[in-house]
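Here is how the chains run, residue by residue.
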Amino acid sequence: IKNGYNKSSLILTGNPVYDKVFQKLSQITPSTKNSKIRVLLLTHSLYEHGFWTRKQRDDLVKELATEISKHKDEMSLVVKIHPSSEILSDYEKLIHSIDPSIPIYQKEDLQEFLNNSDVVIVYSASSGPIQALILKKPIIMINQNLPGDIMLERKIVTECTDPSRIISSIHQAISSNPATESKINEFVEDYLFKTDGLAYERVAK
């Protein structure tokens, strides 16, 4: 409108990129609780896209795996890397040198992993964290000083500035998830419009 467009000619549709995701999410049956805290680490291709050095990526992933492995009696870790932008063998070398029992996945369906987790660790806002938010999963954002992270700005994630303290952040996120129902609804309305999976249909109409 500020740029001179007629308000009556503008139509909100939502983002069609997420349509299939939201359709799948609506069909997922919530998983039952486990005796251990199920931690899901969603990596991000910041190194592959030139935002990070390899050392930044490697140091963070190794520290997270090391700290969580020290608490195997109370929590389990699953790692899900980007389905196309990252290299599975890189993560296998990094993580299995610390604990070969930690499973690492790449091509499998993300929604199943989200559904079977109690807390999700991320270090950049992307479609994975947004899906976790829709499922009302507690999210821990490792703050590596990336500018303009909308999930941190909206205070819908537990912020962890020191990866060596990830265990306390996991307990904090589970006991007091900052992503309340109202905050999630506000985020969806402002950035996604609707999660009904019908954005393509609205675009067509």
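Definitions and cut-offs
Residues numbered from 1 in each chain as written. Predicted model: local features only at pLDDT ≥ 70, side-chain atom pairs only at ≥ 80, totals over all residues. Heavy atoms only, no water. Buried < 20%, exposed > 50% of the residue type's maximum accessible area, 1.4 Å probe, protein only. Helix = DSSP H or I, 4+ residues; strand = E, 2+ residues; numbered from the N terminus. Arc of directions from axis to C-beta. Contact = heavy atoms within 4.5 Å. Pairing = 2+ DSSP bridges. Axes fitted to C-alpha atoms, helices over the stretch in contact; angles between N-to-C directions.

Novice: Please explain helix 3 (residues 88-96) as it appears in this structure.
Specialist: Note: α-helices contain 3.6 residues per turn, so residues at a spacing of three or four share the same orientation. Residues of helix 3 that are buried include every one of Asp-90, Tyr-91, Leu-94 and Ile-95, and no others. Buried residues of helix 3, seen end-on, are gathered within an arc of 110 degrees and therefore sit on one face of the element. On its buried face, helix 3 sits against helix 2 (54-69), strand 2 (75-80) and strand 3 (104-105).

Novice: Help me understand the sheet that holds strand 4 (residues 119-122), please; the structure alone is not making it clear to me.
Specialist: Sheet strands pair by backbone hydrogen bonding; their relative direction is either parallel or antiparallel. The parallel open sheet is built from six strands, whose spatial order is 3-2-1-4-5-6. The open sheet has two edge strands, strand 3 and strand 6 (158-160), and neither has a second partner. Lying over the sheet, helix 5 (residues 127-134) contacts strand 1 (37-42), strand 4 and strand 5 (139-142), oriented at roughly 150 degrees with respect to strand 5.

Novice: Even after reading the chapter, I still don't get the environment of Asn-34, so can you show me in this structure?
Specialist: Relative to the assigned elements, Asn-34 resides in the loop between helix 1 (19-25) and strand 1. Classification of Asn-34 by relative accessible area gives partly exposed; the value is 44%. Sequence separation between Asn-34 and Ser-117 is 83 residues, and the spatial gap between their C-alpha atoms is 9.3 Å.

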